[in-house]
Amino acid sequence: MRPGLQDFLGEWRLTRRIEPADGGVARFEGRAWFTAVAEGLSYREEGELTLPGLAPMRAEREYLWRAGAGGRIEVFFGDGRPFHSFDPAAPEAAHWCDPDDYRVSYDFAAWPDWCAEWRVKGPRKDYRMVSNYARAEGALPPRR
């Protein structure tokens, strides 16, 4: 399946594993919403982040997904700065945030279930993060 931008519209159950190279896995469980806006789709996620040895905490983030040339999907940070873009037919991308290298691979083979796997390396960062998405049913819209 090669999803287009509008195929992401709606609510998703989201689970995430963050695996640092030095051990100690963190987990995130929550929801993600893709909502139509004039520029494309607003992405918002909310949930609970559990880090080893710490009490669970609330976590959230926002992005903007837009249609790009040739069927690409462009992803921007919540403040409008460019993040990365990818072609759903060859869904890989990179983002350089000096001095850290972020590389993502999206997997749409089991659509509408899908995942994003990030590999992050830098002087103080070395981890793998896998986010799994599945369509949600009967949940409330995101809080603002």
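If you're wondering where the values come from, they're calculated on a predicted model, not measured in any experiment.

Quick look at the overall build of the protein chain
- Of the regular secondary structure elements, the protein chain holds 0 helices and 10 strands.
- Along its sequence from the N terminus, the protein chain presents helices and strands in the succession β-β-β-β-β-β-β-β-β-β.
- Whereas a compact globule of 144 residues would reach a radius of gyration of roughly 15 Å, the protein chain reaches 15 Å, a difference of no more than 12%.
- The principal-axis extents of the C-alpha atoms in the protein chain amount to approximately 40 × 35 × 30 Å.
- Counting only residues that meet the buried cut, the protein chain has 40% of its 144 residues in that class.
- Long-range contacts, defined as pairs at least 24 residues apart, comprise 37% of the intrachain contacts of the protein chain with a sequence gap of at least 6.
- Carbon and sulfur atoms make up 52% of the accessible area of the protein chain, which totals about 8200 Å².
- The average position of the 21 basic charges and that of the 23 acidic charges among the side chains of the protein chain differ by 1 Å.

Remarks on the pattern of salt bridges
- Considering all chains together, one arrives at 18 salt bridges under this definition.
- In this structure, the salt-bridge partner of Asp126 is Lys121, at a minimum N-O distance of 3.1 Å.
- A relative accessible area of 37% places Asp126 in the partly exposed class.
- Residues participating in the shared-partner salt-bridge network are Arg17, Glu19, Glu117, Arg119 and Arg128.

Comments concerning the pairing of strand E6 (residues 82–86)
- In this structure, strand E5 (residues 73–77) lies alongside E6, joined through 4 bridges in antiparallel fashion. Of the residues in E6, the one forming a bridge with Glu74 is Ser85.
- Here E5 folds back onto E6 in antiparallel fashion, the turn holding 4 residues, of which Gly80 has a positive phi close to 95°.

Points about the sheet that holds E5
- Strand order in this open sheet of 10 strands is E6-E5-E4-E3-E2-E1-E10-E9-E8-E7, and the pairing throughout is antiparallel. With one partner strand each, in any of the chains shown, E6 and strand E7 (92–97) form the two edges of the open sheet. Averaged over neighbouring strand pairs, the angle between their axes works out to 25° when direction is ignored.
- Relative to strand E3 (residues 40–50), strand E2 (residues 26–37) is paired through 11 bridges, and the arrangement is antiparallel. For Glu29, the partnering residue across the bridge sits in E3 and is Glu48.

Observations regarding the confidence of the model for the protein chain
- When pLDDT is averaged along the protein chain, the result is 93, and 95% of the positions lie at 70 or above.
- When mean pLDDT is compared element by element in the protein chain, E3 scores highest at 98, while E7 scores lowest at 94.

About the cut-offs
- Residues numbered from 1 in each chain as written.
- Predicted model: local features only at pLDDT ≥ 70, side-chain atom pairs only at ≥ 80, totals over all residues.
- Heavy atoms only, no water.
- Helix = DSSP H or I, 4+ residues; strand = E, 2+ residues; numbered from the N terminus.
- Rg over C-alpha atoms; globule rule 2.2 N^0.38 Å.
- Buried < 20%, exposed > 50% of the residue type's maximum accessible area, 1.4 Å probe, protein only.
- Contact = heavy atoms within 4.5 Å.
- Areas by Shrake-Rupley, 256 points an atom, 1.4 Å probe, with all protein chains shown as cover.
- Lys, Arg positive; Asp, Glu negative; His and termini not counted.
- Charge placed at Lys NZ, Arg CZ, Asp CG, Glu CD.
- Salt bridge = Lys/Arg side-chain N within 4 Å of Asp/Glu carboxyl O.
- Pairing = 2+ DSSP bridges.
- Axes fitted to C-alpha atoms, helices over the stretch in contact; angles between N-to-C directions.
- pLDDT = per-residue confidence, 0-100.

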